[in-house]
Amino acid sequence: MLKISFATARSAKNKAIALTVAKGAKLGPEGKKLDKAVGGAIARGLKGAASFKGKEGQTLLLRAPTKSGPSLIALVGVGDVKEIGLVDYEKAGGTAYATLAKDGVGEGALIVDNYKDAVCPVADAAMHAALGAQLAAYRFDKYRTKTKPPVSKLKAMTCVVAGAAEVKKAYGEMQSTA
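Residues numbered from 1 in each chain as written. Predicted model: local features only at pLDDT ≥ 70, side-chain atom pairs only at ≥ 80, totals over all residues. Heavy atoms only, no water.

(A) Local environment of the environment of Ala129. Take Ala129: it is sitting in helix 4 (residues 122–137). Taking C-alpha positions, Ala129 is 14 Å from Gly172, a pair spaced 43 residues apart along the chain. With sequence-adjacent residues up to four places away left out, Ala129 is seen in contact with Tyr89, Glu90, Gly93, Leu110 and Val112. (Helix = DSSP H or I, 4+ residues; strand = E, 2+ residues; numbered from the N terminus. Contact = heavy atoms within 4.5 Å.)

As structure tokens, then:
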């Protein structure tokens, strides 16, 4: 089972990061901070990948963008922020999990950006993105006659969002009803 945690800032030990990107390949404030931390690698990657527009479900992988930073940054398109709903954030969380799980890292981070014109509050968006990641990681093996080894080594994901303590409490309540 995927262990979900919440934090206000990403940890240096997160070597694989998924970042939400809006339609038009727009970075929010957290994306701009991460881009600055990796020396503009995200902006260069977006400029070099003409096909990535930040549409819902699109992904763009940036491998080893810097020597000392994360080894993988996965940009996950969420679509138009004026139209995206909570279910869309769940899909983005699932896409983020699937993308990071392929890389073979043990722990990753999901940065849900706070867009100025967003319909959904960032706290709700982060909760639903985390739920989407958890649902994507679920495996039901009880009745299998031959158990297969786990597909993913990704065991933990930190969801980076402002107001992480409140989001964690609300996520616990939401998870108990899911």
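(B) Molecular detail of the sheet that holds strand 6 (residues 156–160). Strand order in the open sheet made by the six strands is 1-6-5-2-4-3, with mixed pairing throughout. On the outer flanks of this sheet lie strand 1 (3–7) and strand 3 (59–63), each paired with one strand and no other. Taking the axes of each pair of neighbouring strands and ignoring which way they run, one obtains an average angle of 20 degrees across the sheet. Bridge count between strand 5 (residues 107–111) and strand 6: five bridges; the pairing is parallel. The partner of Ala109 across the bridge, within strand 6, is Thr158. Sitting on the sheet, helix 1 (residues 29–37) is in contact with strand 2 (16–22), strand 4 (72–79) and strand 5, with an inclination near 135 degrees to strand 2. This element, helix 4, spans strand 1, strand 5 and strand 6 of the sheet and lies at about 160 degrees to strand 1. (Pairing = 2+ DSSP bridges. Axes fitted to C-alpha atoms, helices over the stretch in contact; angles between N-to-C directions.)

(C) Inspection of the packing of helix 1 against helix 2 (residues 41–48) at higher detail. Here helix 1 crosses helix 2 at 105 degrees, and the two axes come no closer than 6 Å. As far as their axial angle goes, helix 2 and helix 1 are roughly perpendicular. Judged by residue contacts, Gly31, Leu34 and Asp35 of helix 1 engage Ala41, Ile42 and Ala43 from helix 2. Considered class by class, the residues forming the contact of helix 1 with helix 2 number four nonpolar, one polar and one charged. (Parallel < 35°, antiparallel > 145°, perpendicular 65-115°, else oblique. Nonpolar A, V, L, I, M, F, W, Y, C, P; charged D, E, K, R; others polar.)

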